[in-house]
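Read off the chains here:
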Amino acid sequence: MDMEPTSAVRMQAMRDPANPAAYESLLQSWWNGDRLAAARQGLRRHILAPNDPRGLANALSCLNVLDRASSIPNWIPRAPEAVPPAKRFDVDLPPLVDVYHRLLEETNRRRTEAWTPSSIEVSKFSIPLTVEHLANFRRSEVSSGTQTVPDCPIDFARLDFSTFYPDVTEADLKVWRPILSTTRGGLFRRLHKAVAEDPKNTPLSRTLNVADALILDDDRFGARVFDIPGIGTVTAKSLQSTYYACRLSGLVPENGSVLEVGGGFGAAASRLLRIRPDVVYMLTDLPVNLILTYAYLRSHFGEQVYGAFEGPIRPPEGCRVIVIPPWRLGEFKGRASVVFNSMSFQHMDARNHRFYGDVMRHFQARKLYHLNREVISPGDKTVHIPASRYSFNDQFKIVREMVFDDRWVETVAERKTDAG
Ligand SMILES: C[S@@+](CC[C@H](N)C(=O)[O-])C[C@H]1O[C@@H](n2cnc3c(N)ncnc32)[C@H](O)[C@@H]1O
């Protein structure tokens, strides 16, 4: 029986998926309709020719087009691998609230300095942090701006400190389980892409196994976690910060260091440090976030976390995390293998960018890794400057750029040799 040409090509490719010529023909034919068959074929190619990243990349693209991104993690062959579990240390919160108030006073004294909040972040001058809100900051507007839906409910009044976010309901779970599962699939797809493009990266199966362990979120500090059968409890934040931690892990050299600007409450740091015990992680942010970050990371790493808030800066022996106010960065003699920022440079103005550009020079940042908005929608007052126009870009040479959802750009850049 005569077969129509597409089927003939597909049959050939299915019989011999390791044969690049057959596979190339399949690529041309899949647009004729049967994407699921093409996805299966891509997966076969990946199993038979694992060093060729195209097979899996094409399989995952097909699943994405088919709106089946949530099943992507099940399509990627891998072997189980242990990741150190998240630890829990007690944190003494009342003294931290006192430190916060002193940091806020200091911020007000320094109101004219170039690091101070842009118009978008100006509410951070007046966040009323209490011990109760710190203990439950992931259910409170004190973490405003660092959490998105569904971690904070879509209809909760912004900057309402009189109450806390409500518990996750069965109705929330019904809505958010499929969405968060799809987010997890997208995360795996993007990690695959990043790993496939850089041969120096950790092998894919390890990266993805690590990701599956890191995406879990426990309920510390009152997090609204979403239980996904077969996976565990996650949040939008745990998924997003897992992506950053896995990407950072491929960028920071052994025994290297990260300086994160505007880390929110340290979600990416907590994950990177679990898989990279050799790394020292420095974080700077506005006062309320400095305290959330310090409390959150102390709860994970105990005494290994140092707050350079007041007095002489003397990180203790064995310290792995240094939380430092922006106005003290200049007096700190640190070096950063990577400066990292996610969705925070976008809220800063040109004056802030110049300040952090000087910080990058001071820390002799070898690499810059950031994900920020490039496309600003008309009337959007939450973004100041497109990512391609940050003033510190001239210190770096872009080595990799990936566009996210047509609006964000993820950039990996290396210091130019003549950039000081
Ligand atoms: C949208 S949140 C992003 C948090 C985190 N990076 C993430 O991806 O989830 C913006 C962060 O940038 C911080 N930020 C804004 N302006 C800043 C400034 N001038 N200096 C330091 N941090 C700043 C905010 O306090 C907040 O932690």
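Preceding this section is the structure that the text describes.
The model shown is predicted, which means the values in this text are computed figures rather than measured ones.

**Q** Explain the site of the ligand to me, please; I cannot follow it from the model alone.
**A** Surrounding the ligand, one finds 20 residues, the nearest of these being Lys124, Lys237, Asp285, Ser342 and Tyr356. Within the backbone of Gly262, an N or O atom sits 2.8 Å from a nitrogen atom of the ligand. Contact between the ligand and Ser344: an oxygen atom at 2.8 Å from a side-chain N or O atom of the residue. For the ligand, whose free accessible area comes to 590 Å², the fraction covered by protein is 95%. Elements represented by at least two residues in the shell around the ligand include exactly α10 (236–251) and α13 (350–362). Taken together, the residues that form the shell around the ligand break down as five nonpolar, 11 polar and four charged.

**Q** I'm lost on the pairing of strand β10 (residues 408–415) in this one. Help?
**A** As a general feature of sheets, a regular strand has side chains that alternate between the two faces. Of all eight residues that make up β10, seven are buried, and the element is covered over most of its length. Summarising the sheet, strand β8 (residues 367–373) and β10 pair through seven bridges and their orientation is antiparallel. For Tyr369, the partnering residue across the bridge sits in β10 and is Val412. Pairing of strand β9 (residues 396–404) with β10, which is carried by eight bridges, proceeds in the antiparallel orientation. Residue pairing for β10: Met402 is matched across the bridge by Glu410. Taking the residues that link successive antiparallel strands as the turn, the β9-β10 hairpin has three residues, and the phi of Asp405 there is positive, at about 45°.

**Q** Help me understand the pattern of salt bridges, please; the structure alone is not making it clear to me.
**A** Between side chains of opposite charge, pairing is possible as soon as their charged atoms come close. Across all of its chains, the model carries 18 salt bridges by this definition. With its nearest N and O atoms 3.8 Å apart, the salt bridge here joins Asp218 to Arg88. Taken together, the residues Asp218 in the loop between α9 (204–214) and β1 (226–228) and Arg88 in the loop between α5 (72–75) and α6 (94–109) connect sequence positions 130 residues apart. With relative accessibility at 52%, the residue Arg88 sits in the exposed group. The partner of Glu113 in a salt bridge is Arg110, and the shortest N-O contact between them spans 2.9 Å. Residue classification places Glu113 among the partly exposed positions, given a relative accessible area of 27%.

**Q** Would you take a moment to explain the sheet that holds β9 for this structure?
**A** Strand pairing in a sheet takes place through backbone hydrogen bonds and is either antiparallel or parallel in direction. Strand order in the open sheet formed by eight strands is β5-β6-β4-β3-β7-β8-β10-β9, with mixed pairing between adjacent strands. Looking at which strands have only one partner, the edges of the open sheet turn out to be β5 (305–307) and β9. Each adjacent strand pair in this sheet contributes to an overall mean axis angle of 15°, direction not counted. Where strand β7 (residues 338–342) and β8 come together, five bridges link them in parallel fashion. Across the sheet, residue Phe340 finds its bridge partner in β8, namely Tyr369. Helix-sheet contacts for α10 involve β3 (257–261), β4 (280–284), β7, β8, β9 and β10, and the interaxial angle to β8 is about 155°.

**Q** Looking at this model, I keep getting lost on the side chain of Arg224. Mind explaining?
**A** In this structure, Arg224 sits in the loop between α9 and β1. We note that Arg224 is buried and unpaired, the nearest opposite charge coming from Asp172 at a distance of 4.2 Å. A distance of 3.0 Å separates a polar atom in the side chain of Arg224 from the backbone oxygen of Pro150. Side-chain polar atoms of Arg224 contact the backbone oxygen of Pro166, separated by 2.7 Å. Setting aside residues no more than four positions away along its own chain, Arg224 makes contact with Arg139, Pro150, Asp151, Pro153, Tyr165, Pro166, Asp167, Val168, Asp172 and Thr235.

**Q** Teacher, can you tell me more about the environment of Glu170 here?
**A** Its location among the elements puts Glu170 in helix α8 (residues 170–197). With a relative accessible area of 60%, Glu170 lands in the exposed category. With 10 residues separating them in the primary sequence, Glu170 and Asp160 have C-alpha atoms 24 Å apart.

**Q** Teacher, can you tell me more about unusual backbone geometry here?
**A** Of note, the amide linkage connecting Val149 to Pro150 takes the cis form, showing an omega dihedral of 0°. Within the secondary structure, Pro150 sits in the loop between α7 (131–135) and α8. The phi dihedral of Gln364 falls on the positive side, at around 45°, and the residue is not glycine. Although it is not a glycine, Asp405 sits at a positive phi angle of roughly 45°.

**Q** What is the right way to look at α8 in this model?
**A** Counting along an α-helix, one turn takes 3.6 residues, and residues three or four places apart therefore face a common direction. A rise of 1.5 Å per residue sets the reference length of α8, with its 28 residues, at 40 Å; its end C-alpha atoms lie 40 Å apart and thus fit the reference within 8%. For α8, the principal kink sits at Trp176 and spans about 35°; a proline, Pro178, occurs within the next four residues.

**Q** Help me out: how do you make sense of the nonpolar core in this one?
**A** For soluble globular proteins, the rule of thumb is that nonpolar side chains tend to be buried together. Leu134, Tyr281, Ile291, Phe345, Tyr356 and Tyr369 are the most contacted members of the largest nonpolar core, which totals 115 residues. Of the residues forming this core, the biggest block, nine residues, is contributed by helix α12 (residues 287–301). If near-sequence neighbours (up to four positions away) are discounted, Tyr369 is found in contact with Tyr243, Tyr244, Arg247, Leu248, Leu251, Val338, Val339, Phe340, Asn341, Glu410, Thr411 and Val412.

**Q** Help me understand the environment of Pro325 in this model?
**A** Within the fold, Pro325 resides in the loop between β6 (321–323) and β7. Using a relative accessible area of 0% as the deciding quantity, one classes Pro325 as buried. Filtering out sequence-adjacent residues up to four positions away, Pro325 remains in contact with Leu103, Thr284, Leu290, Ala308 and Phe309.

**Q** Help me out: how do you make sense of the side chain of Ser249 in this one?
**A** Relative to the assigned elements, Ser249 resides in helix α10. In this structure, Ser249 is in contact with Leu272, Ile275 and Arg276, ignoring residues within four places of it in sequence.

**Q** What exactly am I supposed to notice about the environment of Arg45 here?
**A** With respect to the helices, strands and loops of the structure, Arg45 is situated in helix α3 (residues 35–48). Taking relative accessible area as the criterion, Arg45 reaches 4% and is therefore assigned buried.

About the cut-offs
Residues numbered from 1 in each chain as written. Predicted model: local features only at pLDDT ≥ 70, side-chain atom pairs only at ≥ 80, totals over all residues. Heavy atoms only, no water. Near = heavy atom within 4 Å. Polar contact = N/O pair within 3.5 Å; in protein donor to acceptor, adjacent residues only side chain to side chain. Areas by Shrake-Rupley, 256 points an atom, 1.4 Å probe, with all protein chains shown as cover. Helix = DSSP H or I, 4+ residues; strand = E, 2+ residues; numbered from the N terminus. Nonpolar A, V, L, I, M, F, W, Y, C, P; charged D, E, K, R; others polar. Buried < 20%, exposed > 50% of the residue type's maximum accessible area, 1.4 Å probe, protein only. Pairing = 2+ DSSP bridges. Salt bridge = Lys/Arg side-chain N within 4 Å of Asp/Glu carboxyl O. Axes fitted to C-alpha atoms, helices over the stretch in contact; angles between N-to-C directions. Contact = heavy atoms within 4.5 Å. Lys, Arg positive; Asp, Glu negative; His and termini not counted. Expected span 1.5 Å × (residues − 1). Bend = angle between axes of the 7 residues up to and from the residue. Core = buried A, V, L, I, M, F, W, Y, C linked by side-chain atoms within 4.5 Å.

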